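Fold and contact review
Chain by chain, the residues run as shown.
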Amino acid sequence: MTRFTSLKVFALAAGALSLIAGATAPLAASAQGRYDGYCYVKKSDLAGKDAAIGAVAGGIAGNLLGKKGDKTKSTVVGAAVGGAAGYVIGKNSKEKVRCRGANYYVFTKGEYEPAPKADHKVVYFEDRPAGMNYYYISKGKVLRYRGH
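The structure contained in this document is the topic of the report that follows. This is a predicted model, so every value here is computed, not measured. (Residues numbered from 1 in each chain as written. Predicted model: local features only at pLDDT ≥ 70, side-chain atom pairs only at ≥ 80, totals over all residues. Heavy atoms only, no water.)

1. Structural notes on the overall build of the protein chain
Basically, it comes down to this: Comment: elements are numbered from the N terminus, with helices defined as DSSP H or I runs of at least four residues and strands as E runs of at least two. Categorising residues by exposure relies on relative accessible area from a 1.4 Å probe, with only protein chains included: less than 20% of the type maximum marks a residue as buried, more than 50% marks it as exposed, and the intermediate range marks it as partly exposed. Any two residues having at least one pair of non-hydrogen atoms within 4.5 Å are treated as being in contact. Accessible surface area values rest on a Shrake-Rupley calculation with a 1.4 Å probe, where residue burial reflects the displayed protein chains alone.
Scanning the protein chain from terminus to terminus reveals three helices and five strands. Listing every helix and strand of the protein chain by position from the N terminus yields α-β-α-α-β-β-β-β. Taking all 148 residues of the protein chain together, 28% fall into the buried category. Restricting to contacts in the protein chain with at least 6 residues of sequence separation, those with at least 24 account for 78%. Carbon and sulfur atoms form 61% of the exposed surface of the protein chain, whose accessible area is close to 9900 Å².

Here it is, written out as structure tokens:
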């Protein structure tokens, strides 16, 4: 392996590790504290953009690392692997989520298990996101939250 190739491999590995660390950091932080509330997010919204970014990054890496006669094959394989990795990372990430209808449900009297919704995932927050419609649930009814 030439020195130039080993530098490319090192740079690729460092970039992949930083991407994975950055995507999983919010999960670890939010698992430690008490939650303020939650919202519903379409499952497809959680992974779509990260899969596309992973595919592009994987395609570039495959092209850079591929041998001269195999650039196309390396690019396609890199894009497939990067897309799959991006999908998994995006599916488990809580960053940049789009709450369904910009509706956020505040825990006013302790935490509870939210009702499941088809094709949606519940995402919990430690800090209240800005720009949302705030609600709380009391005696099975959804009410507008007017507190702070």
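2. Observations regarding the sheet that holds strand 2 (residues 103–106)
Through backbone hydrogen bonds, the strands of a sheet pair up, either in parallel or in antiparallel fashion. This is how the line gets drawn: At least two bridges found by DSSP between two strands is the condition for calling them paired. Note on definitions: angles span 0 to 180 degrees between N-to-C directions of axes, and those axes are lines fitted to C-alpha atoms, for helices only across the stretch in contact.
Strand order across the open sheet formed by five strands is 3-1-2-4-5, with mixed pairing between neighbours. The open sheet has two edge strands, strand 3 (120–125) and strand 5 (141–144), and neither has a second partner. Adjacent strand axes in the sheet meet at a mean angle of 35° when their direction is disregarded. Direction of pairing for strand 4 (residues 133–138) relative to strand 5: antiparallel, over a ladder of four bridges. Bridging from a neighbouring strand, Ile-137 pairs with Val-142 of strand 5.

3. A few points about a nonpolar patch on the surface
The following threshold applies: Patch criteria: residues need more than 30% relative accessible area and no salt bridge. Like-charged residues are merged within 9 Å; nonpolar side chains of Val, Leu, Ile, Met, Phe, Trp and Tyr are merged within 5 Å. We define a salt bridge as a side-chain nitrogen of Lys or Arg found within 4 Å of a carboxyl oxygen belonging to Asp or Glu.
A cluster of nonpolar side chains, contributed by Val-56, Ile-60, Leu-64 and Leu-65, occupies part of the molecular surface with about 350 Å² of accessible area. With respect to the secondary-structure elements, Val-56 resides in helix 2 (residues 43–65).

4. Regarding the nonpolar core
The following threshold applies: Buried Ala, Val, Leu, Ile, Met, Phe, Trp, Tyr and Cys residues that are joined via side-chain atoms within 4.5 Å together make up what is termed a nonpolar core.
Grouped together as the largest cluster of nonpolar side chains are 10 residues: Cys-39, Val-41, Val-97, Cys-99, Tyr-104, Val-106, Val-123, Phe-125, Met-132 and Tyr-145. When contributions to this core are tallied by element, the ones reaching two or more residues are strand 1 (37–42), strand 2 and strand 3. Those residues within four positions of Cys-39 in sequence are excluded, and the remaining contacts are Cys-99, Asn-103, Tyr-104, Tyr-105, Lys-121, Val-122, Val-123 and Phe-125. In this structure, Tyr-105, Phe-107, Tyr-124 and Tyr-135 belong to the second largest nonpolar core, which totals six residues.

5. Quick word on the pattern of salt bridges
Side chains bearing opposite charge may pair, as long as their charged atoms lie close to each other. This structure, assessed with the given rule, holds one salt bridge. For Asp-36, the salt bridge identified is with Arg-128, shortest N-O distance 2.6 Å. Of the two residues, Asp-36 sits in the loop between helix 1 (3–32) and strand 1 while Arg-128 sits in the loop between strand 3 and strand 4, which places them 92 residues apart along the sequence. Asp-36 sits in the buried class, given a relative accessible area of 16%.

6. Considerations on the pairing of strand 2
The pairing of strand 1 with strand 2 spans two bridges and is classified as antiparallel. Among the inter-strand pairings, Tyr-38 is bridged to a residue of strand 2, identified as Tyr-105. Alignment of strand 2 against strand 4, held across three bridges, turns out to be parallel. Within the sheet, the bridge partner assigned to Asn-103 lies in strand 4 and is Asn-133.

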